[in-house]
Amino acid sequence: MSSVLIIGGGVAGIQAALDLAEQGIEVYLVDKAPSVGGKMAYLDKTFPTLDCALCILAPKMAALLRYPNIKLIMNSEVQDVSGRAGNFKVKILKKPTYVDWSKCNGCAVCTEKCPVKDVPNEYNMGLSNRRAIYIMFPQAVPKRAIIDAEHCMRLNPPPKAKEKAKGPLCGVCQRVCPTKAIDYEQKPEIIELNVASLIIATGMELYDPRNMPELGYGKHQNVYTNLEFERLVSATGPTNGEIVRKSDGKHPKKIAWIQCVGSRDIRFNHYCSAYCCMAATKQAILAKEHLSDVQCTIYYMDIRAFGKGFNEFLERAKKEFGINYIRGKVVRIDEIPETKNLKIIYEDTAESYLKMDEYDMVVLSVAITPNSKLPVPVELTEDGFIKMKDPYLDPVSTSAEGIFVVGAVAGAKDIPDSVTEASAAAARAALIAKRFSCPTEVVK
Amino acid sequence: MNGGSEFISVNPDVNRTVITLGGKSLLECYQCGSCTAVCPLSEALDVSFRRAIRYTQLGVEEKILGDISPWSCNLHGDCTDSCPRGASPSEILAAIRRYQSIKYDWTGIAKWWNNSSLMAKLFVYSALLALSLLIFFGYYWQKILSYASTGKLVVFSELLIPVAVAFFVSLVFLASNGYRAYKFMSKDKKAKIGFIKSLRVIASFFMKLETEAMGVPHKRERILEHALILIGIGLFILLGALYLIYPKFFDYEVISRALIYSASLTLLIGVGSPLIKRLGSSEKTHWYYKRFTHSVDWMSLLTLFPIAVMALLLFIFYDLSMILYAYIAFALLLSFLIPFLLLEFAFGKHTHWLYKVIAYYIGARAGYFRGE
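One numbering rule holds for all chains: residues counted from 1, following each sequence as written. Whichever chain is written first becomes A and whichever ligand is written first becomes 1, with later ones labelled in order. The predicted nature of this model means local features are confined to residues of pLDDT at least 70 and side-chain atom pairs, given and counted, to a pLDDT of 80 or more, with totals for whole chains, interfaces and linings taken over all residues.

**Student:** With reference to specific residues and values, describe the domain arrangement of chain A.
**Tutor:** Residue and element names in this part refer to chain A. For chain A, the assigned domains read domain 1 (3–95 + 188–203 + 371–435), domain 2 (109–176) and domain 3 (208–367). Counting from both sides, the interface comprises 15 residues of domain 1 and, opposite them, nine residues of domain 2. Strands here are runs of E lasting at least two residues and helices are runs of H or I lasting at least four, both read from the DSSP assignment and numbered beginning at the N terminus. The greatest single-element share of the side of domain 1 that touches domain 2, amounting to four residues, is contributed by helix H2 (residues 53–63). In terms of residue class, the side of domain 1 that touches domain 2 is made up of 13 nonpolar, two polar and no charged. The domain limits used here are those given by an automatic or database domain assignment. For every residue pair, C-beta atoms are placed from the backbone, and the pair is scored as a contact if these atoms sit within 7 Å. In this classification, the charged set is Asp, Glu, Lys and Arg, the nonpolar set is Ala, Val, Leu, Ile, Met, Phe, Trp, Tyr, Cys and Pro, and all remaining amino acids, among them Gly, are polar.

Put into structure tokens, the structure is as follows:
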């Protein structure tokens, strides 16, 4: 039986890996992060059911470890793909973690003792800090520590301290580790694999709203992206789920969501990002659940509630939670210097004239951009998504035979659609893997 | 707009007409309201440019004709820079203005003027020009020679008669069309403040707006050019009026000479600058300066240009004591004035001053201006 490589360990990659492994096929799952989970692991709740995101994702993540035929290659990037269906040769760069993962048991003692305390935490979108040695998030799979070489005192000592010290600096984690897993000498590794088929599940990144300076993101303290807000309301987030303003730590009384930031705009991305209408509705409901007296307003151009249960969710938000919806594109956000409140400027298209409203907090529903810059020989569409062979009848195939694509890297979509595609692609990849049989080997 | 029981008739041809009048990107608009929100006018004026575009897309003729927002637009183009659809709202508004002026005109000449090609317009313009040349260089030629032999530039009223007739005719058209525009625009708008207060509101609005716009380089350029044309024409009208009312003024050589030269020079620069920019336009220039803007825009400059040139030549020749040439330049000036008055001034882009004044007045009276 030959094997399949899945690039990207988000919810789509996980689903595809589980479906393939269940059929007895050998699966390699590569992710550039130290844990699987992808963007879904950042979310607090999912729409339209308001289920806890990690509560439904974590069992799937954990299931990956139960299959002996799933190999997780974390903290790694695919460097080169050659060959054709049935026999792809893949070169993967495994970046050093400086922790021997075969020994590490995820006890997290090192992450409590590490003296470097001010590294922005990527998992919390930089809203909180972590140590230089860290576990990505409490539910991480595999739950293993990793040293951030850039901030580590030992691996990248500050120049002044380096001159003074005679021997190597720090070394606290090495001393405290009960399993002696810390290995400062670890080097990058190249892993070469032979696989029958590939599934691209690299997903998306958020579009940088700094490209729209008039919205003041990065300049005005109380303007957040929607993923930052998601972390803010999450119990595992920087404030343990308390919604507070960055400027003064107070609860906001009025929050605005601004839709289509970078989407449906030919200056940035012309496509609709598909998830933001429902995500903003969900976040407004979450804000209401956290702070009962908060006023939530969503500024939209069109509400696209097309999925199952979406429209009912929207109606619930309006009637049950009293979320306001105002049709108009916000063109500018000004900060009021004294209060750090935000003044937003737009045309209320129902009343047909310019309006200015003041808010304590503004959340930007930013566009998504595909993670499609890969050394994989597949064609892209004009907007950078991976081209589907036939968007109607063969939506998971790419221009190259034996390479399949799932999730947001093929087009903006939500979790249910990504998972559906993942199962479809797993079935297609299994067909190829079963047709061909070639030996696999790991060369150091 | 807000009444649920209101019935509105829709003319599906309107959007096609407006597209051919220069609003190429009309159907691109998806009604986000960015144009209204970024426009420096919106803060002071309760209008929605997006709504004007929406009415046009739908073809709600009655609402389009009564809308003052296209006339309040100054074509500065902030909206075009921030349109998420890559459309050009200011260009669309200019096209809606053309559509409105076609409908305000009862003669049908404005319709022809706005719809015909540049060549057709130039042809008719040249025909009228030929006719007036025939008048001045045929009928009046002997008179001009005899005036020239006196060695003095004394303009006898007789030469001015054809121009005065043309001016009067164009004023009749303008007045009647202006009245129609007033009727269309003032419908459904209740007067809230008085005449004097309206004027004050408009004045303070303009002061604020122009000071703001002068801070932006590309806007400053447009404002200065427009101001030069406006001042140039204004000075010529002043000179004409002085000649009729108080001809002795021209005995004060220095003052009158300064006035005359500044009038013709301002007009020449004001008209010449955009013409040159249009000829050398590139991809990035503001649509107003592009070579392929609507032919009506071109004609508004092309018809003024020879007048400015001739006015300048007239006095240069006079100061060089080349009296006969001065008279010829004068006759040419008058010949160019006649087709300008009959076509461009009465039906072309220059009518916008009248409709703009009416729109602002109605808007101010109906309380559209905020802050007062």
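**Student:** If you had to explain the sheet that holds strand S16 (residues 254–261) of chain A to someone new, which residues and values would you point to?
**Tutor:** Residues and elements named next belong to chain A. Spatially, the five strands line up as an open sheet ordered S15-S22-S16-S17-S18, and their pairing is parallel. The open sheet is flanked by strand S15 (223–225) and strand S18 (324–327), the only strands paired with a single partner. Adjacent strand axes in the sheet meet at a mean angle of 25° when their direction is disregarded. Two strands pair under a simple rule: DSSP has to find at least two bridges between them. Between N-to-C directions, angles span 0 to 180 degrees; the directions come from axes that are lines fitted to C-alpha atoms, helices contributing only their stretch in contact.

**Student:** Explain the interface of chain A and chain B to me, and be specific about the residues and the numbers.
**Tutor:** On the side of chain B, 18 residues touch chain A, which itself brings 15 residues to the contact. The element that contributes the greatest number of residues to the side of chain A that touches chain B is strand S20 (residues 341–348) of chain A, accounting for three residues. Counted by class, the side of chain A that touches chain B contains seven nonpolar, three polar and five charged residues.

**Student:** Describe the sheet that holds strand S12 (residues 189–195) of chain A, naming the residues involved and giving the relevant values.
**Tutor:** Residue and element names in this part refer to chain A. On the basis of which strands lie adjacent, the open sheet formed by three strands has the order S6-S7-S12 and antiparallel pairing. This sheet does not close on itself; its edge strands, each paired only once, are strand S6 (76–84) and S12. Taken over all neighbouring pairs, the strand axes of this sheet differ in orientation by 20° on average, direction set aside. Taken together, the seven bridges between strand S7 (residues 87–94) and S12 define a ladder with antiparallel strand orientation. Bridge pairing links Phe88 to Val195 in S12.

**Student:** Talk me through the domain arrangement of chain B; I want residue IDs and the actual numbers.
**Tutor:** Residues and elements named next belong to chain B. Domain annotation of chain B identifies domain 1 (14–104) and domain 2 (109–365). Contacts between the two partners involve 22 residues from domain 1, matched on the other side by 30 residues from domain 2. Within the residue set of the side of domain 1 that touches domain 2, elements represented by two or more residues are helix H4 (61–66), helix H5 (69–72) and helix H7 (89–104). Per element, the largest residue contribution to the side of domain 1 that touches domain 2 is six residues, and it comes from H7. Grouping the amino acids of the side of domain 1 that touches domain 2 by side-chain chemistry returns 11 nonpolar, eight polar and three charged.

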